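As a plain string of letters, each chain reads:
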Amino acid sequence: MDIGTITLVMLGTLLLLVIGMPMAFALGFVGVAFTFGFYGWDALMIISSRIYGFVNVYVLVAVPMFLMMASIMDKSGVARDLYTAMSVWAGGLRGGVAIMTLVAAVFMAATTGIIGGEIILLGLVALPQMLRLGYNKNLAIGTICAGGSLGTMIPPSIVLIFYGLTTNVSIGDLFLAVIIPGLILAGLYFAYILTRCYLNPELGPPLPLEERDIPLREKFKLLGSLVLPMGVALGVLGSIYAGIAAVSEAAAVGVAGTILAAWIRGELSWQMLRESLQQTMAACGLLLWLTFGATALIGVYNLLGGIRFISDLMTGLPFDPLVVVVLMMLMLIVLGLFMDWVGVLLLTMPIFVPIIKSLGYDPIWFGILFCMNMQISYLSPPFGLAAFYLKGVAPPEISLQDIYKALWPFMLLQIVGMSLVLFFPQLALWLPGLSQ
Amino acid sequence: MSEPPVIDRVSRILGDKLAWLFLVAAALSCYEVMMDWLFRAPTIWVHDSSIMLCSTAFLFGGAYALQRREHIRITVLYDYFSPWWQWVCDLVSLVLTLIYLLALAAFTGMQALDSIMRVESSGRAWDFPMPMVIRTALFLGAAMLVLQAASQLYYLIRNRTTH
């Protein structure tokens, strides 16, 4: 059998995913079946060795640490306080509340970073406020979902950590590289909201005078409650950026800081700690075992010459290398319609990243493109997770269709942002370049 | 079913307890950072023990997540199937899952056994039999998943035949 046929057969067997088989086991089964079929029983040893190799690295420790940090922050009232502290600054600006929601979302992404949690919280506090003030429904919904999804980009983003782990790219560099693209994307959202509200003031009325009338002292006092959690987040990222601590160490110190902050804020309890740990355990378990499954599959595919095959196929195309990258981005968008980011990452990155390198591109740049791409998958129908999260907490008269309808302008902005980074790689590569 | 299956309980309790290892690992890493920073005396054992603690914990996370039914699935079509077809899909998934996990448990088990026999050591600065521990945890994590999947398969078939 030639590798082309094998590839097709393998894709065929992946139909197992469609019948609802857990991805971790479907991928693993196909991997084991092919290894057994082509190389016999003894070759299965390769799979277990590869799995062992993956577990036995220090960077992996960063995953539970960041998840734990995020989970504890998420369970404390930090996110809600963040929103309250930001929304009082909205003031007389048209679309001000939407802008402040977005600012709060950016900060939340850097502290809690759990996308589901952010969107649910904003859906509970920001959406009713905007609707009450007479904001345009689409604008309000879009702001929340798009803002909440920024968590896939803003460090410490678990997407970037996993990209770094599976492709052996420095996670610190990825965290640096994503800063400018992340700000660009947030900036595009800001510009969009402000422009629309400027052109049509009815879309986002300013706060009524009596609500704006909060003394400056009060406003700053609200900010005060955020000093601690923000300090922890900045400390963790700062020490990674400054090269003081390894990613895993910084994350561990972040866990300690988060627990301390929750304690000082009077929110720490055994119950909360236990729930955070359980959440971390389940999340780690599913991420890790999914990785094992994908490792088994990609491992045997590579042995059979599959990665080479696709690489030759794609580099042999009579196009400019950049077109190949664009093609990859399109494939990722399509996969993202149906699959979770982690599935897409584990299945495609081991194949795409070597091609990217052989084309002479920087894998850091590609990682940033990847996480921008996965933002789209959060918003895109039929399975945009962001829409599901919001639907769960939105007023009943807002249907899933309403939400998806509100999201497309933001998806366009995401594509614009991604294209900017695609055509101007320096936007991503400038900062990591400086630090070297 | 009046009470949750035994295996579910075991997976859950193991997961709940082992999750505390993450916290221990975090504490150890903090200790390391402190020693390195304040006393310029980095330890040689913290990195390796953090790896050991964390990987032991999340190797069991597989069964834990399966028990909580949190593993990622694509349910686009599945949701539209009739209950009978859903049952068939579940059956096929669980049987194939079991085959994969059994193969995995067999091989990680053999490697673990081999590692235990020679007390395989890491050969790093802190020469602890870390590979032995992790390989054993890998096997136990896989074995726990086998039991969890087998238990779900058993209940799937039993519930079908009793209704």
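Worth saying up front: this structure is predicted, and the values here are computed from it rather than measured. Here, residues in each chain are numbered from 1, in the same order as that chain's written sequence. Each chain is given a letter, starting from A, and each ligand a number, starting from 1, according to the order in which they appear as written. Note on the predicted model: pLDDT of at least 70 is required for a residue's local features to be given, and 80 or more for side-chain atom pairs to be given and counted; whole-chain, interface and lining totals, by contrast, use all residues. Hydrogens and water molecules were not included; the side-chain quantities draw on all heavy atoms of the structure.

(A) Geometry of the overall build of chain B. Comment: elements are numbered from the N terminus, with helices defined as DSSP H or I runs of at least four residues and strands as E runs of at least two. In terms of regular secondary structure, chain B is built from 5 helices and 0 strands. Ordered by position from the N terminus, the helices and strands of chain B form the series α-α-α-α-α. Taking 2.2 N^0.38 as the reference for a compact globule, 163 residues should give roughly 15 Å; the C-alpha atoms of chain B span a radius of gyration of 20 Å, well beyond that estimate. Residue contacts are defined here by distance: any two heavy atoms, one from each residue, within 4.5 Å place the two residues in contact. A fraction of 70% describes how many contacts in chain B between residues 6 or more apart in sequence connect residues 24 or more apart. Method for areas: the Shrake-Rupley scheme with a 1.4 Å probe, in which residue coverage is limited to the protein chains shown. Of the roughly 8,100 Å² of accessible surface on chain B, a fraction of 68% belongs to carbon and sulfur atoms. For chain B, the centre of its 12 positive side-chain charges and the centre of its 12 negative side-chain charges are spaced 7 Å apart. We compute the radius of gyration from the C-alpha atoms alone; for a globule the expected value is 2.2 Å times N to the 0.38, where N is the number of residues. In summary, the charge assignment counts Lys and Arg as positive and Asp and Glu as negative, without counting His or the chain termini. A charge is said to be at NZ when it belongs to Lys, at CZ for Arg, at CG for Asp and at CD for Glu.

(B) Here's a closer look at the pattern of salt bridges. Residue and element names in this part refer to chain A. The term salt bridge refers to a side-chain nitrogen of Lys or Arg lying within 4 Å of a carboxyl oxygen of Asp or Glu. Throughout the structure, instances matching the rule amount to 5 salt bridges over all chains. The shortest N-O distance in the salt bridge between Arg265 and Asp81 comes to 2.8 Å. Of this pair, Arg265 sits in the loop between helix H15 (247–264) and helix H16 (270–303) while Asp81 sits in helix H5 (residues 78–87), and the two are 184 residues apart along the sequence. Working definition: with a 1.4 Å probe on protein chains only, accessible area under 20% of the residue-type maximum means buried, over 50% means exposed, and in between means partly exposed. Of the residues examined, Asp81 reaches a relative accessible area of 25% and is grouped as partly exposed. For the salt bridge of Asp402 with Lys137, the shortest nitrogen-to-oxygen distance reads 3.7 Å. Here Asp402, found in helix H22 (residues 400–423), pairs with Lys137, found in helix H8 (residues 137–149); they are 265 residues apart in sequence, far enough to count as distant.

(C) Just the interface of chain B and chain A, in detail. Chain B puts 60 residues into the contact, and the matching count from chain A is 60 residues. Take the accessible area each of two parts loses on contact, using a 1.4 Å probe, and add the two losses: that sum is the buried area. For chain B, the biggest contributors to the area lost against chain A are Ile72, Tyr100 and Phe107 of chain B; these three give 15% of the whole. For the pair chain B and chain A, the interface holds 0 salt bridges. A 3.5 Å cut-off defines polar contacts: any pair of N or O atoms within that distance qualifies, except that in protein one atom must be a possible hydrogen donor and the other a possible acceptor, and neighbouring residues in sequence count only when both atoms are side-chain atoms. Seen at the junction of chain B and chain A, the total is 7 residue pairs in polar contact (both at pLDDT 80 or more). Looking at the side of chain B that touches chain A, the elements that each hand over two or more residues are helix H1 (6–18), helix H2 (20–39), helix H3 (46–67), helix H4 (83–117) and helix H5 (130–162) of chain B. Here the residues of the side of chain B that touches chain A are counted per class, giving 40 nonpolar, 13 polar and 7 charged. Under the scheme applied here, ten amino acids are nonpolar (Ala, Val, Leu, Ile, Met, Phe, Trp, Tyr, Cys and Pro), four are charged (Asp, Glu, Lys and Arg), and all others, including Gly, are polar.

(D) Fine view of the packing of aromatic side chains. The pairing test for Phe, Tyr and Trp rings, Trp by its six-membered ring, is centres within 6.5 Å, and the orientation test on the planes gives stacked under 30 degrees, edge-to-face over 60, and tilted for anything in between. Overall, the coordinates contain 16 aromatic pairs over all chains when judged by the stated rule. Between Tyr163 of chain A and Phe370 of chain A, the aromatic rings sit 6.3 Å apart at their centres with planes inclined by 25 degrees, giving stacked as the arrangement. Placement of Tyr163 of chain A in helix H9 (residues 158–167) and of Phe370 of chain A in helix H20 (residues 363–379) is noted, with a sequence separation of 207 residues between them. Taking relative accessible area as the criterion, Tyr163 of chain A reaches 0% and is therefore assigned buried. Ring pairs connect the aromatic residues Phe36 and Trp41 of chain A together with Phe107 of chain B, which therefore count as one cluster. Whether a charge lies above a ring is judged from NZ of Lys or CZ of Arg, which has to be within 6 Å of the ring centre and within 35 degrees of the ring normal. Positioned above the aromatic ring of Trp89 of chain A is the side chain of Lys219 of chain A, whose terminal nitrogen or guanidinium carbon lies 5.3 Å from the ring centre. Directly above the ring of Tyr52 of chain A sits Arg135 of chain B, whose terminal nitrogen or CZ lies 3.9 Å from the centroid.

(E) Main features of helix H14 (residues 227–241) of chain A. Residue and element names in this part refer to chain A. Given a helix with a known number of residues, its expected span is that number minus one, times 1.5 Å. Relative to the 21 Å expected for 15 residues at 1.5 Å per residue, H14 spans 20 Å between its end C-alpha atoms, a close match to the ideal helical length. Taken as a whole, H14 has its buried residues at Pro229, Met230, Val232, Ala233, Val236, Leu237, Ser239 and Ile240. Each element contacted by the buried residues of H14 is listed here: helix H4 (62–75), H5, helix H6 (96–111), helix H10 (171–177) and H15. Positive backbone phi, at 75 degrees, marks Gly243, one or two positions downstream of H14.

(F) Layout of the layout of surface pockets. All names here are of chain A. In this analysis a 1.4 Å probe is tested at points of a 1 Å grid over the protein atoms alone, and where it fits but cannot get out there is a cavity; an open set with protein on both sides within 12 Å along at least five of seven lines is a pocket; lining residues have an atom within 4 Å of a point. Grid points are joined across faces, edges and corners, and a volume is the space filled by probe spheres set on the points. Reported here for the largest pocket is a volume of approximately 1,200 Å³. Listing elements by their share of the lining of the largest pocket, those giving two or more residues are H4, helix H7 (115–132), H9, H16, helix H18 (321–338), helix H19 (341–358), H20 and helix H21 (385–393). It is H16 that provides the largest number of residues to the lining of the largest pocket, a total of 6 residues. The calculated volume of the second largest pocket comes to roughly 780 Å³. Elements represented by at least two residues in the lining of the second largest pocket include exactly helix H1 (3–13), H16, helix H17 (306–315), H18 and H19.

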